[in-house]
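# Architecture at a glance
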Amino acid sequence: MGEEVKKSRPAPDPNSAKFKLGQIAAKAYSDAMEAKARGEMVGWCASNFPVEIPETLGLYVCYPENQAAGIAARGGGERMCNISEGEGYSNDICAYARISLAYMKAKEAPEQNMPLPDFVLCCNNICNCMIKWYENIAKELDIPMIMIDIPFNPDYEVSDAEVEYIKAQFWDAIHQLEEYTGKKWSDERFKEVMEISGRSSRAWIEAASQAKYVPSPFNGFDLLNHMAVMVTARGKAEAAEAMETLLKEYKENHEKGVSTFRAEEKYRIMFEGIACWPWLRVTSTGLKSRGINMVTTIYADAFGYIYEDFDGMCRAYANVPNAMNLEHARDKRIKLCRDNSVEGVLVHTNRSCKLWSGFMPEMSRQIGEACGIPVASFDGDQADPRNFSEAQYDTRVQGLMEIMEANKGGN
Amino acid sequence: MAVNELLAQLHEVAASPKKQLDKYLKEGKKVVAVTPVYTPQEIIHSMGLVPMGVWGADMEINEAKKYYPAFICSIMQTVLELGIKGEYEGVSAIVIPSLCDSLKTLGQNWKYAVKDIPFIPMTYPQNRKPAYGIKFTKAGYERVIRDLEVATGAHFSEFALAESNKIYNEHNAVMREFAEIAAEAEITAVQRSDVFKSAWFMLPEEHTAIVRKLNEELKNGPKAEGKLKVLVTGILADSPNLLKTFDENGIKIVADDVAHESRQYRTDVPDMENPVDALAQKFADMDNCTLLYDRDKKRVDYIIEQAKKHDAKGVIVLMTKFCDPEEFDYVPIKRACDAAGLMHLNIEVDRQMVNYEQAHTMIQAFKEMF
Ligand code: SF4
Ligand code: SF4
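Residues numbered from 1 in each chain as written. Chains lettered and ligands numbered in written order. Predicted model: local features only at pLDDT ≥ 70, side-chain atom pairs only at ≥ 80, totals over all residues. Heavy atoms only, no water.

Moving on, we get to the overall build of chain B. Along chain B, the regular secondary structure elements total 14 helices and 8 strands. In terms of C-alpha radius of gyration, chain B reaches 20 Å, essentially the compact-globule figure of 21 Å for 370 residues. In terms of overall dimensions, chain B has C-alpha extents of about 55 × 45 × 45 Å along its principal axes. Counting over 370 residues, chain B shows a buried share of 63%. (Helix = DSSP H or I, 4+ residues; strand = E, 2+ residues; numbered from the N terminus. Rg over C-alpha atoms; globule rule 2.2 N^0.38 Å. Buried < 20%, exposed > 50% of the residue type's maximum accessible area, 1.4 Å probe, protein only.)

Take the sheet that holds strand 2 (residues 49–53) of chain B next. All names here are of chain B. Taken in spatial order, the 4 strands line up as 2-1-3-4 in an open sheet, and their pairing is parallel. Edge positions in the sheet fall to strand 2 and strand 4 (119–122), since each of these pairs with one other strand and no more. Within the sheet, the average angular offset between the axes of one strand and its neighbour, ignoring direction, is 30°. Against the sheet, helix 2 (residues 17–26) makes contact with strand 1 (30–34) and strand 2, and its axis sits at roughly 175° relative to strand 2, the strand it touches most. (Pairing = 2+ DSSP bridges. Axes fitted to C-alpha atoms, helices over the stretch in contact; angles between N-to-C directions. Contact = heavy atoms within 4.5 Å.)

Contact residues are listed per partner, giving 49 residues for chain B and 54 residues for chain A. For the pairing of chain B and chain A, the buried interface totals around 4300 Å² over both sides, and the portion due to carbon and sulfur atoms is 56%. The partner of Glu 164 of chain A in a salt bridge is Lys 135 of chain B, with the nearest N and O atoms 2.4 Å apart. For the side of chain B that touches chain A, the secondary-structure elements that each account for two or more residues are helix 5 (101–113), helix 6 (131–152) and helix 13 (324–340) of chain B. Per-class residue counts for the side of chain B that touches chain A are 22 nonpolar, 10 polar and 17 charged. (Buried area = accessible area lost by both parts, 1.4 Å probe. Salt bridge = Lys/Arg side-chain N within 4 Å of Asp/Glu carboxyl O. Nonpolar A, V, L, I, M, F, W, Y, C, P; charged D, E, K, R; others polar.)

Time to look at the environment of Ala 376 of chain A. Residues and elements named next belong to chain A. Residue position: Ala 376 is located in strand 8 (residues 375–380). Taking relative accessible area as the criterion, Ala 376 reaches 12% and is therefore assigned buried. In the structure, Ala 376 is positioned 273 residues away from Tyr 103 in sequence and 35 Å away in space, judged by C-alpha atoms. Leaving out residues up to four positions away in the same chain, Ala 376 has contacts with Val 345, Leu 346, Val 347, Arg 396 and Leu 400.

A few words on the site of ligand 2. Taken together, Cys 73, Ile 75, Met 76, Cys 100, Ser 102, Leu 103, Ile 235, Leu 291, Thr 320 and Cys 323 of chain B make up the full set of residues near ligand 2. Where the shell around ligand 2 is concerned, the elements lending two or more residues are helix 4 (74–84) and helix 5 of chain B. (Near = heavy atom within 4 Å.)

Here it is as structure tokens:
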């Protein structure tokens, strides 16, 4: 299919953002492995847990969602899902959880290993599924579970009562971790981490916003890959530096009129949902072969952990995409569509993610109406390859393209 | 009144919530819908409003498909379906907690799908036991009170809440007593379910009065003999078609851990000076439920403990299809049953089930294992 012809590739430039970001992601795993080997404690951490906490305390953590995505992208999703289903877990459960629970049992996966945890750090600002998943791990491995509850916010703004509740839990979590691991909280170190996390976030958001140029200086699938670093390492100086390099490259791309989208950009869409990791190539090629660039996703706006103080941090973690009400989530996306001259929306109806998919039909209708652009959806799953049909994907993307084409004619 | 008459009365209510709704509306009362799994019904009641449970219905889904993908549980799907179809017409507001991911999405869809019935969110904390959690529960209640005042024009008073807390505690006690009596008495699974189900469609004081009489009659009536005793767990166990199979196979429910049934009645509002504080404390005291953070999986131990206490020989899990919280708990439940020497059976249930053949065969086979 419309893959670019593979020329003999030059060795990766160690100064490139892509290389740096790849290194950081890999290093997060190797650091944790080494720490575990040295006898240090290692935790498993939910993707939107306030990483400032383990980072400030100097704790090593791994990210099961990131691991599951890696395993799924490298073809191990079905094998791992089968293991947990064999244990009695329903295949209706989020595939990240199924892969992670399988890993706890199998203790290895050639696609992406990581050390087993001595504690788990759970935060349900992305979903309550997370709570059940981590409960099962904590109970089975008999390890502490630190639970930070950031409820789904039915209102547009985060209330003071909620900030107060979150803040109390942050301190509770810190104290529990200090006690269990023997590490000490330092306000000074926190300030540093906060600044670095802010630097990473600002660079990330600005890099993603370079899609405002037509054509976009990058292929939006880059964001799905680079996001891993924002998840796992946003509080580390290397991450901030790599994100700044990414931003610089995108700016240069624009100036030079080049892009990491290696096809003529005929249409620009927003991709809604988590990537379909087992079918990444297929989903990306299906777009590229038609000249469709996915220029933005809500991830471009997520990880905006820019705040001034501890309270600000509490508020920021309550404002992550899956914790927002429909109106707030919708308006963020409408802004992304407008800022990036988006001509259509492609929605991944992700069987794994009830929260994300549960009000997506209504929300995407509203986005389509507000922006006057077509919306198409396809069925898939972010990690279980069995829930995706290539033929359906192709038909839906083709349909979306045809409407976008017709809309161009009308202008 | 004889047992059968009392049961018939409750069956009538359980089978026709719409009639109850119309009855209350005709009496000039305002009705507030409450969805699974927990809501501050005491508050609603104290404001002179009638809380009525909405747990969906066994029906086909059409309209809700515009909002929900197929992999959301059928309770959420059919609550929305009924809302869109106007079945709740006359209801003044709906209170929806965000205790699971699907419940979070129900409120969001509701705002657009059923515009004439205002959505009132109840946000409970998962870290519900520490003081800061209790404070947050209280903030959630205060918000519900404000929204109810706007939606219904009713007023809140602490004095009335203190009364309602008492009424709910009495109802809890009567329902707990019923569950124990029903474990011994000659009463079918369908009848047992009617008693629990009707509670959702009646004012608690009215329900208490009937169940109290029923308890008296049952206590003095014949005992069930020679049945296979089981504990049933799950979100919902109200399908008459399924429950009939229990009866046909001589299976007797001696205890339940069903969200729609006994989980509602385990915890009382404690006696405290301020009734809102007391109600927040009640939520903090609640345990043994899939939807309440439970690092130690106390729920699993509780199921085994209750099964043993009631001399159950097996545990039947009625798994609501697409209910991910319960699906996570299934594995530890299964393991704990194995360890305790309890037989177990997992039956997937769904509100669109038309064919019960498979479930019937499973239940028969389960029975034959003893
Ligand atoms: S995919 Fe959805 S359900 Fe699964 S962990 Fe992520 S947010 Fe939670
Ligand atoms: S059945 Fe399960 S998934 Fe559905 S609303 Fe109840 S708890 Fe949530």
